[in-house]
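Each chain is listed here by its residues.
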Amino acid sequence: MANGGYTVGWICAISTEYVAAQAFLDEKHDRPEYVSPNDNNDYTLGKVGRHNVVIAVLPDGEYGTSSATMVARDMLHSFPNIRVGLMVGIGGGAPSPKHDIRLGDIVVSAPRDGRGGVFQHDFGKTIQDHSFQTTGFLSQPPAILRTAMNGLKAQYELKGHQLETAISHAIQENPKLRKKYKRPDPSNDRLYRSEITHSANDATSCATACGNNLSKLILRPKRSEDEDNPEIHYGLIASANQLMKDATVRDRLAAEMDVLCFEMEAAGLMNHFPCLVIRGICDYSDSHKNKEWQGYAAMVAAAYAKDLLCRIPPNKVETEMRINDILSG
């Protein structure tokens, strides 16, 4: 298929996310025969539902907003007909008394309180004795994606979601993924109190270094049978060029701005590649980093992205303006 036949652009930051995205393709197409001369992206082409999708990943070892901007820009040069964008992958959760966010849950960017769904938390100012103020504005996700998100939310509320089933099927189709991408044991989901830190110089696992002492943990009841698990949360995603590893800053931004998730790329996209950001939660944005949940978090985000795309009729995408035309308009 010619490059002009692809209307959905899907961007991943790391190879784990790229693998998960490919696992949910209904058809895989040949690699592109032509890309723009200065385009360094790696692409996977295929079909999700009835949509022709182009998936790209950031260069190995590169993270952050500027890398994401470059990947999106190159994709739009090589695939000029893209009309809908998605940023899909993993992120750090910001659990709070208001939001029971757990590992393996999903956070979807949704406009809240005058903010477009994503804000850049290293692009602002903190005035003494006052809360953090952002100094730049990022566009909200396109209406076609926000409408589909609301439709999917209603579908899940009425019937529940089938994300676990979809992930199981994808792993059955690709058995090599079983070890790294299946859901970890729930006992490995530990939320430590904010004042408990894991030393950056301590290479041992959190279970060893920080332990399971109940005095160090925030205890949460097991989710009941009638609750969705994983759960989908809609709201504000905080994006920056640095990895969030500070539980006290996490908690402050969650309390002041109702942030649900932290990640490193979306702020580089919203004004250059209008998209919806979908993040599977793999850690709690604190010093207790582990990679155990990354594969599953990437899978659950990709499974949600597929459900979302399957709610949008292809002819609706065709009537959207090309992203290139929006940017040049």
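Residues numbered from 1 in each chain as written. Predicted model: local features only at pLDDT ≥ 70, side-chain atom pairs only at ≥ 80, totals over all residues. Heavy atoms only, no water.

An unreviewed UniProt entry lists the protein chain under the name Nucleoside phosphorylase domain-containing protein, with Oidiodendron maius given as the organism.

### Details of the packing of aromatic side chains
On inspection of all chains with the given rule, the structure shows four aromatic pairs. Both rings, one in Tyr43 and one in Phe79, keep their centres 4.9 Å apart while their planes meet at 70 degrees; by these two values the pair is edge-to-face. With a gap of 36 residues between them, Tyr43 in strand 3 (residues 42-48) and Phe79 in the loop between helix 2 (65-78) and strand 5 (84-93) connect regions that are remote in the sequence. With centroids separated by 6.2 Å and ring planes inclined at 85 degrees, the aromatic side chains of Trp293 and Tyr296 adopt a geometry described as edge-to-face. (Phe/Tyr/Trp six-rings, centres within 6.5 Å; stacked < 30°, edge-to-face > 60°. Helix = DSSP H or I, 4+ residues; strand = E, 2+ residues; numbered from the N terminus.)

### A look at the packing of helix 3 (residues 143-159) against helix 8 (residues 294-310)
Helix 8 packs onto helix 3 with a crossing angle of 105 degrees between their chain directions and a minimal axis gap of 9 Å. The orientation of helix 3 with respect to helix 8, classified from their angle, is roughly perpendicular. Listed contacts from helix 8 to Leu145, Ala148, Met149, Leu152 and Tyr156 of helix 3 are Tyr304, Asp307 and Leu308. Here the residues of the contact of helix 3 with helix 8 are counted per class, giving seven nonpolar, no polar and one charged. (Axes fitted to C-alpha atoms, helices over the stretch in contact; angles between N-to-C directions. Parallel < 35°, antiparallel > 145°, perpendicular 65-115°, else oblique. Contact = heavy atoms within 4.5 Å. Nonpolar A, V, L, I, M, F, W, Y, C, P; charged D, E, K, R; others polar.)

### Notes on helix 4 (residues 163-173)
If you check which residues of helix 4 are buried, you get Leu163, Ile167, Ala170 and Ile171. In a view along the axis of helix 4, the buried residues occupy a sector of 95 degrees, so they form one face of it. Facing away from the buried surface of helix 4 by more than 90 degrees, the exposed residues are Thr165, Gln172 and Glu173. Contacts from the buried residues of helix 4 go to helix 1 (15-23), strand 6 (106-109), helix 3, helix 5 (178-181), strand 10 (232-239) and helix 8. (Buried < 20%, exposed > 50% of the residue type's maximum accessible area, 1.4 Å probe, protein only. Arc of directions from axis to C-beta.)

### Section: the pairing of strand 10
With eight of eight residues buried, strand 10 is to be regarded as a mostly interior element. Judged from the four bridges that link them, strand 6 and strand 10 form a sheet pairing that is parallel. Bridge pairing in strand 10 links Val107 to His233. Both strand 7 (residues 118-120) and strand 10 contribute to a ladder of three bridges, which runs parallel. Of the residues in strand 10, the one forming a bridge with Val118 is Ile237. Sheet analysis places strand 10 next to strand 11 (residues 259-263), joined by four bridges and oriented parallel. Across the sheet, residue Ile237 finds its bridge partner in strand 11, namely Cys261. (Pairing = 2+ DSSP bridges.)

### A word on a nonpolar patch on the surface
Taken together, the side chains of Met321, Ile326 and Leu327 make up a nonpolar region of the molecular surface, amounting to roughly 270 Å² of accessible area. Structurally, the position occupied by Met321 is in the loop between helix 9 (314-319) and helix 10 (323-328). (Patch = residues over 30% accessible without salt bridge, like charges linked within 9 Å, V, L, I, M, F, W, Y side chains within 5 Å. Areas by Shrake-Rupley, 256 points an atom, 1.4 Å probe, with all protein chains shown as cover. Salt bridge = Lys/Arg side-chain N within 4 Å of Asp/Glu carboxyl O.)

### As for unusual backbone geometry
The residue after Asn229, namely Pro230, is reached through a cis peptide bond having omega 5 degrees. Secondary-structure assignment places Pro230 in the loop between helix 6 (206-209) and strand 10. The backbone phi angle of Asp258 is positive, close to 60 degrees, even though this residue is not glycine. The topology assignment puts Asp258 in the loop between helix 7 (247-257) and strand 11. Positive phi outside glycine occurs at Ser285, with the angle close to 55 degrees.

### Here's the deal with the pattern of salt bridges
Under the definition given, this model contains 17 salt bridges. Between Arg31 and Asp42 there is a salt bridge, with its nearest N and O atoms 3.4 Å apart. With Arg31 in the loop between strand 2 (27-28) and strand 3 and Asp42 in strand 3, this residue pair connects regions lying 11 residues apart in the sequence. Note on Arg31: relative accessible area 55%, which makes it exposed.

### Description of the pairing of strand 12 (residues 275-283)
Both faces of the sheet carry side chains from a regular strand, because those side chains alternate between them. Counting buried positions over the nine residues of strand 12 gives nine, a clear majority of the element. Examined bridge by bridge, strand 5 and strand 12 share eight bridges and lie parallel to one another. The residue of strand 12 that forms the bridge with Ile90 is Gly280. The pairing of strand 6 with strand 12 spans three bridges and is classified as antiparallel.

### Focus: the side chain of Asn41
With respect to the secondary-structure elements, Asn41 resides in the loop between strand 2 and strand 3. Among the polar contacts listed, one links the side chain of Asn41 to the side chain of Tyr43, at a separation of 3.0 Å. At 2.9 Å, the side chain of Asn41 and the backbone oxygen of Val71 are in polar contact. When near neighbours in sequence (up to four residues on either side) are disregarded, Asn41 contacts Ala56, Val71, Asp74 and Met75. (Polar contact = N/O pair within 3.5 Å; in protein donor to acceptor, adjacent residues only side chain to side chain.)

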